[in-house]
Amino acid sequence: MDALFWQHDVEMLRIGLFDVTGRTPLPNTLHELCVLAEVLLGAVTEHALQEELAREVEGRPASAMFTADPRELLAAVALGKLGAGGMNYASDLELVFVIDAAPEDTALQAVFARVVRRVLDLLTSTGERGRLYEVDLRLRPRGRAGNLATTLHEFEKYLAADAGYWERIAATRARVLSTGAAGRKTTALLQRFVYEAPADAAQMLAMRQRLERESASSVLKRGRGGTLDIEFMLAHLQMVHGGQHAALREPNLWLALHAARQAGLLDEREYDQGLGAYAFLRQVVNRLQILDGVSTHDLPQGDALEVFARRMGYAGDAAAQLTEELDWHRGNARALYERVLGGGSA
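Values in this document were obtained by computation on a predicted structure and should not be read as measured data.

Attention shifts here to the overall build of the protein. Of regular secondary structure, the protein possesses 13 helices and seven strands. Here the C-alpha atoms of the protein give a radius of gyration of 21 Å, agreeing with the 20 Å that 2.2 N^0.38 yields for 346 residues. Referenced to the eigenvectors of the C-alpha coordinate spread, the extents of the protein come out at roughly 70 × 50 × 35 Å. Counting only residues that meet the buried cut, the protein has 51% of its 346 residues in that class. If you take every contact in the protein between residues at least 6 apart in sequence, the share linking residues at least 24 apart comes to 68%. Per element, the accessible surface of the protein, about 15900 Å² overall, is 52% carbon and sulfur.

Listed below in structure tokens is the structure:
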């Protein structure tokens, strides 16, 4: 594990230095943070799996339970920023673990539950060097009450009968990290869940309005004109048109925006304004998080805003200049969101 902490710290330093010195464009920075997380997640999962396979179960090694490569039976589904291919410096890992095991095979399910529990321990345990990542498994079927490793049968049943519309929105950013049989089956299942049913603009608007009401205007994610305006707008376009346009079935937000432009769903001006707004807001959030090391989307106020704006490279009345640019981009984000979803929001 020491080697993984070393790799994490060295890579975070390299990514951060290239970012703040302007040597790496923002989408590349966010992508590199994802690649680092995926590499470390893969290494930790392999370590946990090898530990479990060497463990004795009823007098024989657990590996004897498998007739196929166990890696073929486990799929990690990334959601949120990791799924979308654009992590911030302090993003957690939103994950769902799916296994290709028969519902009645409780022994196999128990093996993979122990593997996932060990993965969580290795990623989140705090030591002298902190922790690798925070992990959020609440998006798994039935949240905290659900199994750590969900069978494909259980996952499919849940998505068909019990999943809410917000889970369908979240699944537009779902990316299966595993390439084995379980990963391929999970990808197909999620594609059907997201793109086969009709989209509902009223539900999308209601959810966005609720999140906005619960947030201060200074919050750059949930507040009016925040990053969620672009994310909800794009998710709606994907859910409406993804059944006919395969290129729109893309969890990476940057690529999905480009696909929406190519499909004629956004004109050139809308695409440029949406991309510009999203990139600027994400850049500001990334600067907040690289400074504080915590997952925040809340813009500083008062003198702290002046200090932060100067760190962003503004001079003179730095806070006023940053605020003016933010207001412009947030106005563009809100206008595009309202145009696509067919109505204003309070």
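That shown, we press on.
All right, on to the pairing of strand E4 (residues 93-99) then. Here E4 lies mainly inside the structure; six of its seven residues are buried. Bridge analysis of strand E3 (residues 74-79) against E4 gives six bridges, and the strand direction is antiparallel. Across the sheet, Leu79 pairs through a bridge with Glu94, a residue of E4. Once you follow E4 into helix H4 (residues 106-124) and on to strand E5 (residues 135-136), the crossover reads as right-handed. Across three bridges, the pairing between E4 and strand E6 (residues 149-151) is parallel. By the bridge assignment for E6, Ile99 is matched with Thr151.

At a closest axis distance of 11 Å, the pairing of helix H5 (residues 152-161) and helix H7 (residues 181-195) adopts a crossing angle of 5°. On the basis of the axis angle, H5 is roughly parallel to H7. Residues Leu152, Phe155, Glu156 and Leu159 of H5 pack against Lys185, Thr186, Leu189, Leu190, Arg192 and Phe193 of H7. Looking at the contact of H5 with H7 residue by residue, the class counts come to six nonpolar, one polar and three charged.

Let us look at unusual backbone geometry. The phi torsion at Arg142 lies on the positive side, around 65°, for a residue other than glycine. Position of Arg142 among the secondary structure elements: in the loop between E5 and E6.

Our focus in this paragraph is the pattern of salt bridges. Tallied over the full model, the rule gives 22 salt bridges. The partner of Asp19 in a salt bridge is Arg287, and the shortest N-O contact between them spans 2.9 Å. A residue pair is termed long-range when its members are at least 10 positions apart, and Asp19 in helix H1 (residues 2-20) and Arg287 in helix H11 (residues 268-292) qualify at 268 residues. Across this residue pair, the class does not change: Asp19 and Arg287 are buried. For Arg114, the salt bridge identified is with Glu52, shortest N-O distance 2.9 Å. Of this pair, Arg114 sits in helix H4 while Glu52 sits in helix H2 (residues 26-54), and the two are 62 residues apart along the sequence. For Glu52, a relative accessible area of 6% translates into the label buried.

In this model helix H8 (residues 201-213) runs 18 Å from its N-terminal to its C-terminal C-alpha over 13 residues, within 8% of the 18 Å that 1.5 Å per residue would give. Within the span of H8, buried status applies to Met204, Leu205, Met207, Arg208, Leu211 and Glu212. Taken end-on, H8 shows its buried residues confined to a sector of 165°, consistent with a single buried face. Opposite its buried face, H8 presents the exposed residues Ala202 and Arg213, each directed more than 90 degrees away. Looking at the buried positions of H8, the neighbouring elements they touch are helix H6 (165-171), helix H9 (227-241) and helix H13 (318-341). Put simply, Asp200 is the residue that caps the front of H8, since its side-chain oxygen is 3.1 Å from the backbone nitrogen of Ala202.

Within the secondary structure, Thr151 sits in strand E6. At 3.0 Å, the side chain of Thr151 forms a polar contact with the backbone nitrogen of Glu154. Excluding anything up to four places from it in sequence, Thr151 contacts Val98, Ile99, Ala101 and Gln109.

What follows covers the packing of aromatic side chains. In this structure the tally under the stated criterion is one aromatic pair. Look at Trp254 and Tyr278: their rings are 5.4 Å apart centre to centre, the planes differ by 65°, and that puts the pair in the edge-to-face class. Placement of Trp254 in helix H10 (residues 253-262) and of Tyr278 in helix H11 is noted, with a sequence separation of 24 residues between them. For Tyr278, a relative accessible area of 2% translates into the label buried. Sitting above the plane of the Phe18 ring, Arg23 keeps its charged end 4.0 Å from the centroid.

What counts, and at which threshold
Residues numbered from 1 in each chain as written. Predicted model: local features only at pLDDT ≥ 70, side-chain atom pairs only at ≥ 80, totals over all residues. Heavy atoms only, no water. Helix = DSSP H or I, 4+ residues; strand = E, 2+ residues; numbered from the N terminus. Rg over C-alpha atoms; globule rule 2.2 N^0.38 Å. Buried < 20%, exposed > 50% of the residue type's maximum accessible area, 1.4 Å probe, protein only. Contact = heavy atoms within 4.5 Å. Areas by Shrake-Rupley, 256 points an atom, 1.4 Å probe, with all protein chains shown as cover. Pairing = 2+ DSSP bridges. Right-handed = clockwise from strand over helix to strand, strands pointing away. Axes fitted to C-alpha atoms, helices over the stretch in contact; angles between N-to-C directions. Parallel < 35°, antiparallel > 145°, perpendicular 65-115°, else oblique. Nonpolar A, V, L, I, M, F, W, Y, C, P; charged D, E, K, R; others polar. Salt bridge = Lys/Arg side-chain N within 4 Å of Asp/Glu carboxyl O. Expected span 1.5 Å × (residues − 1). Arc of directions from axis to C-beta. Polar contact = N/O pair within 3.5 Å; in protein donor to acceptor, adjacent residues only side chain to side chain. Phe/Tyr/Trp six-rings, centres within 6.5 Å; stacked < 30°, edge-to-face > 60°. Lys NZ or Arg CZ within 6 Å of the ring centre and 35° of its normal.

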